[in-house]
Number of protein chains: 2
Amino acid sequence: MSRVLLTGASGFIGRHAIEGLSSRGYEVHTVTRQPLPFHAGDVQQHLADLMVERELRSVVEAVRPSHLLHCAWYAVPGKFWMAAENLDWVSASLQLLRAFCASGGRRAVMAGSCAEYDWSGEVLSEADTPLRPQTLYGHAKNSLRELVETAAPILDLSFAWGRIFWLYGPHEAPGRLVCDVTRAMVRGEVAKCSHGRQQRDFLHVVDVANALVALLDSEVLGAVNIASGEALPVRSIVERIATLIGRTDLPRFGELSASPKEPSRLVADVRRLREQVGFRPRFDLATGLADTVDWQKHATLGAHS
Amino acid sequence: MSRVLLTGASGFIGRHAIEGLSSRGYEVHTVTRQPLPFHAGDVQQHLADLMVERELRSVVEAVRPSHLLHCAWYAVPGKFWMAAENLDWVSASLQLLRAFCASGGRRAVMAGSCAEYDWSGEVLSEADTPLRPQTLYGHAKNSLRELVETAAPILDLSFAWGRIFWLYGPHEAPGRLVCDVTRAMVRGEVAKCSHGRQQRDFLHVVDVANALVALLDSEVLGAVNIASGEALPVRSIVERIATLIGRTDLPRFGELSASPKEPSRLVADVRRLREQVGFRPRFDLATGLADTVDWQKHATLGAHS
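Described in the following lines is the structure provided in the data block.

What counts, and where the lines are drawn
- Residues numbered from 1 in each chain as written.
- Chains lettered and ligands numbered in written order.
- Predicted model: local features only at pLDDT ≥ 70, side-chain atom pairs only at ≥ 80, totals over all residues.
- Heavy atoms only, no water.
- Patch = residues over 30% accessible without salt bridge, like charges linked within 9 Å, V, L, I, M, F, W, Y side chains within 5 Å.
- Areas by Shrake-Rupley, 256 points an atom, 1.4 Å probe, with all protein chains shown as cover.
- Salt bridge = Lys/Arg side-chain N within 4 Å of Asp/Glu carboxyl O.
- Helix = DSSP H or I, 4+ residues; strand = E, 2+ residues; numbered from the N terminus.
- Least-squares fit on C-alpha atoms with pLDDT ≥ 70 in both.
- Contact = heavy atoms within 4.5 Å.
- Buried area = accessible area lost by both parts, 1.4 Å probe.
- Polar contact = N/O pair within 3.5 Å; in protein donor to acceptor, adjacent residues only side chain to side chain.
- Nonpolar A, V, L, I, M, F, W, Y, C, P; charged D, E, K, R; others polar.
- Pairing = 2+ DSSP bridges.
- Axes fitted to C-alpha atoms, helices over the stretch in contact; angles between N-to-C directions.
- Core = buried A, V, L, I, M, F, W, Y, C linked by side-chain atoms within 4.5 Å.
- Buried < 20%, exposed > 50% of the residue type's maximum accessible area, 1.4 Å probe, protein only.
- Phe/Tyr/Trp six-rings, centres within 6.5 Å; stacked < 30°, edge-to-face > 60°.
- Lys NZ or Arg CZ within 6 Å of the ring centre and 35° of its normal.

### Structural notes on a nonpolar patch on the surface
A contiguous nonpolar surface patch, about 240 Å² in accessible area, is contributed by Trp 81 and Met 82 of chain A together with Ile 154 of chain B. Structurally, Trp 81 of chain A is set in the loop between strand E4 (67-70) and helix H3 (85-102).

### Focus on the relation of the copies chain A and chain B
Mapping one chain copy onto the other needs a rotation about an axis and a shift along that axis. Under the fitted operation, chain A is carried onto chain B by 0.0 Å of movement along the axis and a turn of 180°, and the coordinates agree to an RMSD of 0.0 Å. The symmetry that links the two subunits is that of a two-fold axis. The C-alpha atom lying nearest the rotation axis in chain A is that of Ser 91 of chain A; the distance is 2.1 Å. A symmetric contact is evident, with 96% of the interface residues of chain A recurring at the interface of chain B.

### Considerations on the interface of chain A and chain B
Contacts between chain A and chain B engage 25 residues on the former and 24 residues on the latter. Among the residues chain A hides against chain B, the three largest losses belong to Leu 87, Arg 98 and Leu 147 of chain A. Together they make up 26% of the total. Here chain A and chain B share 2 salt bridges between them. Here Arg 98 of chain B makes a salt bridge to Asp 88 of chain A, at a shortest N to O gap of 2.7 Å. Across the chain A-chain B interface, the total number found is 5 residue pairs in polar contact (both at pLDDT 80 or more). If you list the elements that add at least two residues to the side of chain A that touches chain B, you get H3 and helix H4 (136-155) of chain A. Class assignment for the residues of the side of chain A that touches chain B results in 13 nonpolar, 7 polar and 5 charged.

### A word on the sheet that holds strand E5 (residues 107-113) of chain A
All names here are of chain A. Across the sheet, 7 strands lie side by side as E3-E2-E1-E4-E5-E7-E12; this open sheet has parallel pairing. The strands lining the two open edges of the sheet, one partner per strand, are strand E3 (44-47) and strand E12 (222-226). Strand-to-strand, the axes of this sheet are offset by a mean angle of 20°, without reference to chain direction. Two elements, strand E2 (residues 27-32) and E3, share 4 bridges in a ladder whose sense is parallel. Counterpart to His 29 in the pairing with E3 is Gln 44.

### What to know about the sheet that holds strand E12 (residues 222-226) of chain B
Strand pairing within a sheet occurs via backbone hydrogen bonds; the two strands may be parallel or antiparallel. Residue and element names in this part refer to chain B. What the 7 strands build is an open sheet, ordered E3-E2-E1-E4-E5-E7-E12; its pairing is parallel. Pairing within the sheet leaves two strands with one partner each, and these edge strands are strand E3 (44-47) and E12. Here the average twist between neighbouring strands, direction ignored, is 20°. Pairing geometry for strand E5 (residues 107-113) and strand E7 (residues 158-164), over 7 bridges, is parallel. Within E7, the position partnered with Ser 113 by the bridge is Ile 164. Against the sheet, helix H1 (residues 14-23) engages strand E1 (3-7), strand E2 (27-32) and strand E4 (67-70), with an angle of about 170° to E1. Against the sheet, helix H4 (residues 136-155) touches E5, E7 and E12, its axis set at about 160° to E7.

### Focus on the nonpolar core
Side chains of nonpolar character tend, in soluble globular proteins, to be buried together. Residues Leu 97 and Leu 157 of chain A together with Leu 97 and Leu 157 of chain B are the most contacted members of the largest nonpolar core, which totals 82 residues. Once residues within four sequence positions are removed from consideration, Leu 157 of chain B is found in contact with Leu 97, Phe 100, Cys 101, Arg 106, Arg 107, Ala 108, Val 148 and Ala 152 of chain B. Counting 37 residues, the second largest nonpolar core, distinct from the first, contains Ala 17, Leu 69, Leu 216 and Ile 226 of chain A.

### A short note on the packing of aromatic side chains
Any pair of aromatic rings gets described here by the distance separating the centres and the angle formed by the planes. For the coordinates displayed, the defined rule picks out 18 aromatic pairs over all chains. An aromatic cluster is built from Tyr 117, Trp 119, Phe 165 and Trp 166 of chain A, whose rings are joined through pairwise contacts. A cation over an aromatic ring shows up here: Arg 163 of chain A above the ring of Tyr 117 of chain A, its NZ or CZ 4.6 Å from the ring centre. Directly above the ring of Phe 253 of chain B sits Arg 235 of chain B, whose terminal nitrogen or CZ lies 4.1 Å from the centroid.

### Quick look at helix H1 (residues 14-23) of chain A
All names here are of chain A. For H1, the buried fraction is high: 7 of the 10 residues fall into the buried class. Looking only at H1, the buried set comprises Gly 14, Arg 15, His 16, Ala 17, Ile 18, Gly 20 and Leu 21. Here the buried face of H1 lies against strand E1 (3-7), E2, E4 and helix H6 (205-216). In the segment just after H1, Gly 25 is the residue with positive phi, at about 95°.

Shown next as structure tokens:
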């Protein structure tokens, strides 16, 4: 039986990966600092701080996973782009990988980012777009990928890297776009936004997680974009949310400043994900946003009732 | 007073850096796994394994260095190019840097490599040559530099990176060119070489170490080539050594295979080192090789008498 070690299992993406892993027949082991804050079925939970190599190593040696899905990272909204913690996560990820390989692990997938790419073009493609990160986060992810990809043949490791684009969905943290505007409007408050003309490629977090699981369960090597392949103006996403909530009076475009350096359009080439991994998303934007609004209503009402 | 923590102090380059640091007025602290295998004057030695974060951290916290000169790395001749240990050294170096900054460190220099560069051109320059490593070692060094350079402003760190080219001199390890041919000929044995037509930029290890010290003692930021700025055919270096030993009958060119991928000529642009760091080497090739042959004679006679 395949045994997967999942990191970041209490995080936005990781928590949504558990079901997909189980349904594909993996014996799922999670490693988190605190017990998972939700019911997680048959999952075997291990408590450890990945920043402490001794703890990391003892979990890996106890589990002896055949597969690794590494979603954990420093992810505080707004701060993560230039946080020194990115360096710590490069260290910890390399140590995790070394321990995984030393204990017999054979297939690993790690979560990367569209922030690795040069953003001067509109279509970001694994084969053609240069890698030119502009943030420490982007550099950290790109360096980690480059190192692990180069070392993989030496380590006898099958390795793939999911480059995640924009995402949204249940359990998104405040401080991120879709969460903030949805929560505000569910509460009847105005939703301040930038001009909203920038076009981005958004995918529902359940599909992001399932794509990573599909990638893990495949034999595809190297970087694969995890995205929808379609870009929409942020403004139209906010308007759709407002319509779903029935409060089209609440969005306030232009009240937050957009960085002048923000590219006008970024969309993923998803041919590798579709054709080589064979992944199809469950949600389109209409059903995905409806699901997100439902969850936010429940969470907000729950918190205030 | 400036307090420097020197890593790799028992290694080929690090051991030669101690004197330069002391003579520039630094209080020198070394961190090595074993006591230094030579008399090291006023140096304060600390024993720790940099692969164990707890040990690394406790040395840094005890010393509270203002400066860091990081020369330690996995360096087994022949093996280091593609060894998985390169990943461990990226981790350890990032952890070392974080501990150094957390304890008040302000200026760091790390040892990089010409293996970071694209080798398709002949002249390798910090400003103009693309970075395109072909080995895990080159990727590891390049990634570490990129990460630390990007993080330096966040960490309030003044950071420079010495890109070391070819080197030779006393205490070079067997398995490396100049050591092997010198030792063989001092013993009266034939010195097997490749065709020797490839031109490389060689600098005496004392000058390499002093250049790193000068870089540390400057305010120059970023990558600086550490080299002579002149390339000579490897064959002519071996012939000079044979002449110094008086055994021009011993070199055997063409008896070892050279990789067809080896570039024919690689030379460093050393203008940054000369003009910005203000460094001038003590040895030219004639005096440097004479010094090396003298040392090898002493070491070999000492070992066999």
